[in-house]
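Survey of secondary and tertiary structure
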Amino acid sequence: MPAQGGADPPAALRAPLSRELCAAAWALEQVRAGQALPPALAQAAQRHRLSGPSRPAMHDIAYRAVRRLGTCLALAQRLNGREPARAVGALQAVALAQLLEPGRRHEAVLVDQAVAAARLEPATQAAAPFLNATLRRFTRERDALLDAVMRDPEARWNHPRWWIDRLRHEQPAHWQQVLAADNEPPPMTLRTNPRRTSLDAYRRALADAGIGAEVLGPQALRLDAPCDVARLPGFDAGLVSVQDLAAQLAAPLLDVRDGQRVLDACAAPGGKTTHLLELADCDVTALDVDPARLERVRENLARLGLSACVREGDVRRPQDWWDGRRFDRILLDAPCSASGIVRRHPEIRWLRRRSDLATLSRQQSEMLTLLWPLLEPSGKLLYATCSVFRAEGEAVIERFCAGHPDAERLAVHWRWIGDAQDSLLDQLLPRSGDTRDHDGFFYASVSKRP
């Protein structure tokens, strides 16, 4: 039953905070039941009749709750005498996540609005006094409660314990930085289209529009603050795309040349397909198993004024879609845990299970093996995953090369457009201050011996 709350507010006005909290809590409840956050938020906005500025406000509330879910659940265990109903627990977590940031909202106002939110839904109405008592107790005993729960790794790092343990084992020098970065909102990075503009020209266009940006790479600009794409100069005209810095490495690393025949396997939504075509006049086949997501590929190609052969097909069944002509280059951006893009999709950490890694690793190996015969001798295959786990990166490529004597693993290099010097990828990734600001990706380049 939809939340009660009277008529919809005008689009230019925000709904009461109670209604935004209620909608965010409903979305969090769906995530706890196994749904991804973006569709849950879309459904929540419709269900709770949120529009205008209330939609991004509700998104912000929900994302903060998912990013701090480990801490919120640990606090709830200490605040609650018994486990509340799911809807009540979700609303409590949403409110606690807001209270965890002192000064963001007035505590008394937030507690009152959370209690008002409880009264909007039949499933939570009776729990209004419970929420009032537990949230006010947190405001009184904040320091002691936080000191107690922060001894629990899940509460401190806001990741499942198996995830923390695996990262600590595989990346002993960096696991804390990776986990901390996962809990921060991501930057908005753009990729300029060299066929329609230059990096300098587009940076000036951004400045003229009052949007600050920093150059990060040969086509990359990071905005000082994220904004709606509608504000980006020439977005609809194909001057620029939104793509993380790490994802922008794929096309240059594949080393495409004019006239080559290229396969972008698992291509949707088309960011890497379009980047390949921006860099070379090549013949690209964009393959994906999901017809709905292939529409995004077509939309991106049309917006950027580019052309590719877009095909529906399963990588693991090449007999259904391959025409028998080998490819000079193959990009396999394989399905994975998405553990490297958790800051963009914070619910992933709570939806994944330890056993998923073994299943995904087998699928990745199978895809590599089935695509290998489709590559020309002396051709190159780039294997990519947006994962920070060895099981989906180094382990997969080592196993593949060990089983294929004609596979030669190449050093991964990057060429800055207009600069004749090549540097190792790890040395050239642009820096922002003292940290590299990009998603977590794994890349391996493999050549087929003649």
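Residues numbered from 1 in each chain as written. Predicted model: local features only at pLDDT ≥ 70, side-chain atom pairs only at ≥ 80, totals over all residues. Heavy atoms only, no water.

Right, let's get into the packing of helix H1 (residues 17-32) against helix H2 (residues 37-47). Direction vectors running N to C along H1 and H2 enclose 140 degrees, while the axes themselves pass 8 Å from each other. In terms of crossing hand, the pair formed by H1 and H2 is right-handed. Packed against H1, whose contacting residues are Ala23, Trp26, Ala27, Gln30 and Val31, the element H2 presents Leu37, Ala40, Leu41, Gln43, Ala44 and Arg47 at the interface. Taken together, the residues of the contact of H1 with H2 break down into eight nonpolar, two polar and one charged. (Axes fitted to C-alpha atoms, helices over the stretch in contact; angles between N-to-C directions. Helix = DSSP H or I, 4+ residues; strand = E, 2+ residues; numbered from the N terminus. Left-handed = near helix turned anticlockwise from the far one by under 90°. Contact = heavy atoms within 4.5 Å. Nonpolar A, V, L, I, M, F, W, Y, C, P; charged D, E, K, R; others polar.)

Each aromatic ring pair is specified by the distance between its two centres and by the angle formed by the two planes. Evaluated as defined, the whole model comprises seven aromatic pairs. The interplanar angle of 65 degrees and the centroid separation of 5.5 Å between the aromatic rings of Trp157 and Trp175 together place this pair among those described as edge-to-face. Of this pair, Trp157 sits in helix H8 (residues 153-157) while Trp175 sits in helix H10 (residues 175-182), and the two are 18 residues apart along the sequence. Exposure remark for Trp157: the relative accessible area of 12% places this residue in the buried category. On the basis of relative accessibility, which here comes to 11%, the residue Trp175 falls in the buried class. (Phe/Tyr/Trp six-rings, centres within 6.5 Å; stacked < 30°, edge-to-face > 60°. Buried < 20%, exposed > 50% of the residue type's maximum accessible area, 1.4 Å probe, protein only.)

What follows concerns the side chain of Gln30. Within the fold, Gln30 resides in helix H1. Within polar-contact distance, the side chain of Gln30 engages the backbone oxygen of Trp26 at 3.1 Å. Not counting residues within four places of it along the chain, the set of residues in contact with Gln30 comprises Gln35 and Ala40. (Polar contact = N/O pair within 3.5 Å; in protein donor to acceptor, adjacent residues only side chain to side chain.)

Our focus in this paragraph is the packing of helix H6 (residues 107-118) against helix H7 (residues 128-149). At their nearest, the axes of H6 and H7 sit 8 Å apart, and the two run at 160 degrees to each other. Taken as axis vectors, H6 and H7 run roughly antiparallel relative to one another. Considering how the two elements wind past one another, H6 and H7 form a crossing that is right-handed. On H7, the residues touching Glu107, Val111, Asp112, Ala114, Val115 and Ala118 of H6 are Ala128, Leu131, Asn132, Leu135, Arg136, Thr139 and Arg142. (Parallel < 35°, antiparallel > 145°, perpendicular 65-115°, else oblique.)

So, about the pairing of strand E3 (residues 220-223). Here E3 shows a buried face lined by Ala220 and Arg222 and a second buried face lined by Leu221 and Leu223. Here strand E1 (residues 189-192) pairs with E3 via three bridges, running antiparallel. Bridge assignment links Thr189 to a residue of E3, and that residue is Arg222. Direction of pairing for strand E2 (residues 213-215) relative to E3: antiparallel, over a ladder of three bridges. Looking at E3, one finds that Glu214 is bridged to Arg222. (Pairing = 2+ DSSP bridges.)

This brings us to the pairing of strand E5 (residues 261-265). With five of five residues buried, E5 is to be regarded as a mostly interior element. Neither face of E5 is exposed, since Arg261, Leu263 and Ala265 on one face and Val262 and Asp264 on the opposite face are all buried. In this structure, E5 lies alongside strand E6 (residues 283-288), joined through four bridges in parallel fashion. Paired with Val262 across the two strands is Val284, which belongs to E6. Once you follow E5 into helix H13 (residues 271-279) and on to E6, the crossover reads as right-handed. (Right-handed = clockwise from strand over helix to strand, strands pointing away.)

Adjacent strands of a sheet form backbone hydrogen bonds with each other and so pair up, either parallel or antiparallel. Read across the sheet, seven strands follow the order E7-E6-E5-E8-E9-E13-E10 without closing on themselves; strand pairing throughout is mixed. Of all the strands in the sheet, the pair left with one neighbour each is strand E7 (309-312) and strand E10 (407-410). Strand-to-strand twist of the sheet, defined as the mean angle between neighbouring strand axes without regard to direction, takes the value 20 degrees. Each of strand E9 (375-385), E10 and strand E13 (442-448) touches helix H17 (residues 394-403); the most contacted strand, E13, lies at about 10 degrees to it.

Moving on to H7. The end-to-end C-alpha separation of H7 is 25 Å, well short of the 32 Å expected for 22 residues at 1.5 Å each. Its maximal kink placed at Glu141, H7 deviates by approximately 90 degrees. Those residues of H7 lying buried are Ala128, Leu131, Thr134, Leu135, Phe138, Arg142, Leu145, Leu146, Ala148 and Val149. (Expected span 1.5 Å × (residues − 1). Bend = angle between axes of the 7 residues up to and from the residue.)

With that settled, consider the sheet that holds E2. Read across the open sheet, the four strands follow the order E2-E3-E1-E4; overall the sheet is antiparallel. Two strands in the sheet have a free side with no partner beyond their single neighbour: E2 and strand E4 (240-242). The average angle at which neighbouring strand axes cross in this sheet is 30 degrees, direction not considered. Seen against the sheet, helix H11 (residues 199-208) touches E1, E2, E3 and E4 and runs at an angle of roughly 20 degrees to E3.

Formed by 55 residues in total, the largest nonpolar core has its most connected members in Leu21, Leu28, Leu37, Met58, Leu75, Val94 and Phe138. When residues of this core are traced back to their parent elements, those giving at least two are H1, H2, helix H3 (54-67), helix H4 (69-79), helix H5 (86-99), H6 and H7. Ranked by residue count, the leading element in this core is H1, at 10 residues. Each residue touching Leu37, except ones within four places of it in the same chain, is listed here: Ala27, Val31, Ala62, Tyr63, Val66, Pro346 and Glu347. Formed by 26 residues, the second largest nonpolar core is a distinct cluster that contains Val256, Cys282, Val412 and Tyr443. (Core = buried A, V, L, I, M, F, W, Y, C linked by side-chain atoms within 4.5 Å.)

Our next topic: H6. Taking 1.5 Å per residue as the helical rise, H6 with its 12 residues ought to reach 16 Å, and the 17 Å between its terminal C-alpha atoms agrees with that figure. Along H6, the residues classified as buried are Leu110, Val111, Ala114, Val115, Ala117 and Ala118. Burial along H6 is one-sided: seen end-on, the buried residues are contained in an arc of 155 degrees. (Arc of directions from axis to C-beta.)

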